[in-house]
Amino acid sequence: MYTPSIQYSKYPFSLPPLPYDYDALEPYIDAETMHYHHDKHFQTYINNLNKVLEKYPGMQELTLQQILMRPVGLPPDDRDAVLNNAGGVYNHALFFDGMAPASQGGHEPPDRLFSQIKTNFGTLEKLKEQLTEAALGVFGSGWACLGLTRQGKLRILTLKNQETAIRQWITPLLMVDVWEHAYYLKYKNNRKEYAENLWHVLVFPEI
Ligand code: MN
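Below, the structure is looked at part by part. The written sequence of each chain sets the order in which its residues are numbered from 1. The predicted nature of this model means local features are confined to residues of pLDDT at least 70 and side-chain atom pairs, given and counted, to a pLDDT of 80 or more, with totals for whole chains, interfaces and linings taken over all residues. Note: side-chain values were computed over all heavy atoms of the structure, leaving out hydrogens and water.

What to know about the overall build of the protein chain
And step 1. When helices and strands are tallied, the protein chain shows seven helices and three strands.
And step 2. A run of H or I in DSSP counts as a helix once it spans at least four residues, and a run of E counts as a strand once it spans at least two, with each numbered from the N terminus. Counted from the first residue to the last, the protein chain has its helices and strands arranged as α-α-α-α-α-β-β-β-α-α.
And step 3. If one aligns the C-alpha atoms of the protein chain with their principal axes, the spans along those axes are about 45 × 40 × 30 Å.
And step 4. Residues counted as buried form 51% of the 207 residues belonging to the protein chain.
And step 5. Any two residues whose heavy atoms approach within 4.5 Å at even a single point are treated as in contact. Pairs at least 24 residues apart make up 68% of the contacts formed inside the protein chain by residues separated by at least 6 positions.
And step 6. Accessible surface area values rest on a Shrake-Rupley calculation with a 1.4 Å probe, where residue burial reflects the displayed protein chains alone. Of the roughly 10,300 Å² of accessible surface on the protein chain, a fraction of 49% belongs to carbon and sulfur atoms. Each residue is assigned to one of three classes by its accessible area relative to the maximum for its type, calculated with a 1.4 Å probe on protein chains only: buried under 20%, partly exposed between the two thresholds, exposed over 50%.

This is the structure in structure tokens:
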């Protein structure tokens, strides 16, 4: 069963290195966007999560997954800060890990996932259309996600801001970041072109 490894990480969190060069996803994602997105935006979620957890030694023992699932006993402001920033860490780790240079393999689903895609969507093209459409349908900042339910069904979901699939008991398989910081430098307001181009670099995991 596919499990994102980030969910086992613990306080103090540190920025996972980018698993490829900053310009490796060109021309679909430009190096400047990657620098800002990974080194600044992602780093900020890490810093802010560590900062709020400084106050709660009990939570420092928990894995990221546990933090996301059970942020209990916190005042509402800190609970929001924990969920927003832990969600930002979780989603971005998946996003950056879930891409690879277009010239590399992995951009076609492995057999098991492929047959599940055919069962749930009919064809790979249909899945791509629906996930892209979901990405375009997110109002404001958020994510589109292909996820696997506990019952083994594939589902497309959208997440506002830094909500996470895991809090809906869904394992995220593909993540599409539709915050403007993910595409604005290169694509400006053209989220559609960005979402379509992302298919060149998204990697389908084994399930
Ligand atoms: Mn982002």
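Here the narrative resumes, following the displayed structure.
Things to note about the coordination of the manganese ion
And step 1. Listed donor atoms are N, O and S within 2.8 Å of the metal (Na, K and Ca: 3.2 Å). As water is not included, a site may look incomplete. Around the manganese ion, the protein supplies His 37 (NE2), His 92 (NE2), Asp 177 (OD) and His 181 (NE2) as donor atoms, at distances of 2.0 to 2.1 Å.
And step 2. If you list the donors of the manganese ion from N- to C-terminus, the spacing comes out as H-x54-H-x84-D-x3-H. Note that His 92 is positioned in helix H3 (residues 76–97) and His 181 in the loop between strand E3 (171–177) and helix H6 (184–187), a separation of 89 residues in sequence. Taken as a pair, His 92 and His 181 share a single burial class, namely buried.

Some remarks on the environment of Leu 83
And step 1. Considering the arrangement of structural elements, one finds Leu 83 in helix H3.
And step 2. Residue Leu 83 is classed as buried on the basis of its relative accessible area, which comes to 13%.
And step 3. The residues contacting Leu 83, other than those within four sequence positions of it, are Leu 68, Pro 71, Gln 162 and Arg 167.

A short note on the side chain of Arg 191
And step 1. Along the chain, the position of Arg 191 falls in helix H7 (residues 191–198).
And step 2. His is not counted here, nor are the chain ends, while Lys and Arg score as positive and Asp and Glu score as negative. Note on definitions: salt bridges are taken to be side-chain nitrogens of Lys or Arg within 4 Å of carboxyl oxygens of Asp or Glu. Within the buried core, Arg 191 has no salt-bridge partner, and the shortest N-O distance to an opposite charge, that of Glu 180, equals 6.1 Å.
And step 3. We define a polar contact as two N or O atoms separated by no more than 3.5 Å, with the added condition that, inside protein, one atom must be a possible hydrogen donor and the other a possible acceptor, whereas residues neighbouring each other in sequence contribute only through side-chain atom pairs. Within polar-contact distance, the side chain of Arg 191 engages the backbone oxygen of Gly 140 at 3.0 Å.
And step 4. Residues within four places of Arg 191 in sequence aside, it is in contact with Ala 135, Leu 136, Val 138, Gly 140, Val 178 and Tyr 183.

Overview of the packing of aromatic side chains
And step 1. Stacked, edge-to-face and tilted labels apply to pairs of Phe, Tyr and Trp rings (six-membered ring for Trp) whose centres lie within 6.5 Å, assigned for plane angles under 30 degrees, over 60, and everything in between, in that order. Evaluation of the coordinates by the stated rule reveals six aromatic pairs.
And step 2. Both rings, one in Tyr 183 and one in Tyr 194, keep their centres 5.0 Å apart while their planes meet at 25°; by these two values the pair is stacked. Of this pair, Tyr 183 sits in the loop between E3 and H6 while Tyr 194 sits in helix H7, and the two are 11 residues apart along the sequence. Summarising the burial analysis for this pair, Tyr 183 and Tyr 194 share the class buried.
And step 3. Here the aromatic residues Phe 42, Phe 95, Phe 96 and Trp 143 are joined through ring pairs into a cluster of three or more.
And step 4. Working rule: Lys NZ or Arg CZ, within 6 Å of ring centre, within 35 degrees of ring normal, means a charge sits over the ring. Here the guanidinium or amino end of Lys 118 rests over the ring plane of Phe 114, the centre of that ring lying 4.5 Å away.
And step 5. Above the plane of the ring of Tyr 187 lies Lys 186, whose end atom (NZ or CZ) is 5.5 Å from the centre.

Section: the pairing of strand E1 (residues 142–148)
And step 1. Extensive coverage of E1 is indicated by the burial of seven of its seven residues.
And step 2. Where burial is concerned, the two faces of E1 agree: the one with Gly 142, Ala 144, Leu 146 and Leu 148 and the one with Trp 143, Cys 145 and Gly 147 are both buried.
And step 3. In this analysis, strands are considered paired if DSSP registers two or more bridges between them. Hairpin connection between E1 and strand E2 (residues 154–160): a loop of five residues separates the two successive antiparallel strands, and Gly 152 in this loop has a positive phi of roughly 85°.
And step 4. Note: E1 against E3, six bridges, orientation antiparallel. Paired with Leu 148 across the bridge in E3 is Thr 171.

What to know about helix H4 (residues 111–121)
And step 1. Those residues of H4 that sit buried are Leu 113, Gln 116, Ile 117 and Phe 121. In an axial view of H4, the angular spread of the buried residues amounts to 105°, which keeps them on one side of the axis. For H4, exposure combined with an orientation more than 90 degrees from the buried face picks out Asp 111, Arg 112 and Thr 119.
And step 2. In the core, the buried residues of H4 are packed alongside helix H5 (124–137), E1, E2 and E3.
And step 3. Of the residues one or two after H4, Gly 122 is the one with positive phi, at around 95°. Think of the arc as the fan of directions from the helix axis to the C-beta atoms.

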